[in-house]
Amino acid sequence: MIFKKDSTVIPGAIILVSGTKIGAQTNVEGEYFLNNINPGTYDLVVSAIGYGKDTIPNINVSSYSDSLLVLGLPPGPCYDQQSSKFCPVNEKCKSVIPIVYGLPDKRLLKKVEKGKIRLGGCEVTGCEPHWYCDEHEIEF
Ligand SMILES: [Zn+2]
């Protein structure tokens with residue numbers, strides 16, 4: 001089992017076993033199965049939307065039960081682009097609110113009612129906008 005420290009679990013990432021045609025896609029838990037693979041040591045090439053490509057070297061697959069792997073990737077370049085909370089139309093604009101992803105609780109829903117945050121939904125690829133300008137109606 002692989003779980004990279006300081007990383008984010010990524011659903012929908014493509015896993016390819018280097019040097020073979022064997023591949024898989026991660027599920028919502030970031031897990032994936034590699035079927036029909038001979039025991040051995042492999043490099044895994046991982047790619048996901050918003051995270052670029054990464055190679056995880058020397059993965060030891062010893063038996064079928066070891067072929068369930070949990071994948072995490074470090075945050076990609078998209079995270080860097082979202083650090084600014086200044087409205088791109090006018091950086092002095094005061095109508096910028098954060099966009100929150102995932103299932104909101106009661107406290108969050110109150111904030112949504114008051115217009116203090118905006119809900120972005122549950123599907124997260126890593127490249128979603130983090131801020132919303134209420135005045136100019138843009139996400140960034
Ligand atoms: Zn604005």
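Preceding block: the structure.
Conventions we followed
- Residues numbered from 1 in each chain as written.
- Predicted model: local features only at pLDDT ≥ 70, side-chain atom pairs only at ≥ 80, totals over all residues.
- Heavy atoms only, no water.
- Helix = DSSP H or I, 4+ residues; strand = E, 2+ residues; numbered from the N terminus.
- Contact = heavy atoms within 4.5 Å.
- Areas by Shrake-Rupley, 256 points an atom, 1.4 Å probe, with all protein chains shown as cover.
- Donors = N, O, S within 2.8 Å, 3.2 Å for Na, K, Ca; no water.
- Tetrahedral: all angles 85-135°; square planar, octahedral: opposite > 155°, others 65-115°.
- Buried < 20%, exposed > 50% of the residue type's maximum accessible area, 1.4 Å probe, protein only.
- Core = buried A, V, L, I, M, F, W, Y, C linked by side-chain atoms within 4.5 Å.
- Salt bridge = Lys/Arg side-chain N within 4 Å of Asp/Glu carboxyl O.

Let's shift gears to the overall build of the protein. Along the backbone of the protein there are 2 helices and 12 strands. In sequence order, the protein lays out its α and β elements as β-β-β-β-β-β-β-β-α-β-α-β-β-β. Once local pairs closer than 6 in sequence are excluded, the contacts in the protein between residues at least 24 apart make up 52%. Of the roughly 9,100 Å² of accessible surface on the protein, 53% is carried by carbon and sulfur atoms.

The subject of this paragraph is the coordination of the zinc ion. In the first shell of the zinc ion, the protein supplies Cys87 (SG), Cys93 (SG), Cys133 (SG) and His136 (ND1), at 1.9 to 2.4 Å from the metal. What the 4 donor atoms of the zinc ion show is an angle range of 97 to 117° at the metal, which sorts the shape as tetrahedral. In the primary sequence, the donor residues of the zinc ion line up as C-x5-C-x39-C-x2-H. Under the relative-accessibility criterion, Cys133 is labelled buried at 0%.

What follows deals with the nonpolar core. The biggest cluster of nonpolar side chains holds 15 residues, and the ones touching the most others in it are Val17, Tyr32, Leu34, Ile37 and Leu44. For this core, the elements supplying multiple residues, two or more each, are β2 (14–17), β5 (40–48) and β6 (52–61). Looking at this core element by element, the count peaks at 4 residues for β5. The next biggest cluster of nonpolar side chains, apart from the first, holds 5 residues, and it includes Cys87, Cys93, Val96 and Trp131.

Take the pattern of salt bridges next. Enumeration over the complete set of coordinates arrives at 1 salt bridge. Of the charged contacts, one joins Glu139 and Arg118 as a salt bridge, the two residues approaching to 3.0 Å between their closest N and O atoms. Of this pair, Glu139 sits in strand β12 (residues 138–139) while Arg118 is found in strand β10 (residues 118–121), placing the two residues 21 residues apart along the sequence. Classification of Glu139 by relative accessible area gives partly exposed; the value is 41%.

Structurally, the position occupied by Gly23 is in strand β3 (residues 23–25). Considered as a pair, Gly23 and Val45 are 22 residues apart in the sequence and their alpha carbons are 9.2 Å apart. Residues contacting Gly23, with those up to four places away along its chain left out, are Ile15, Leu16 and Leu34.

Note that every value here comes from positions in space, so none of it alone points to a role or purpose.
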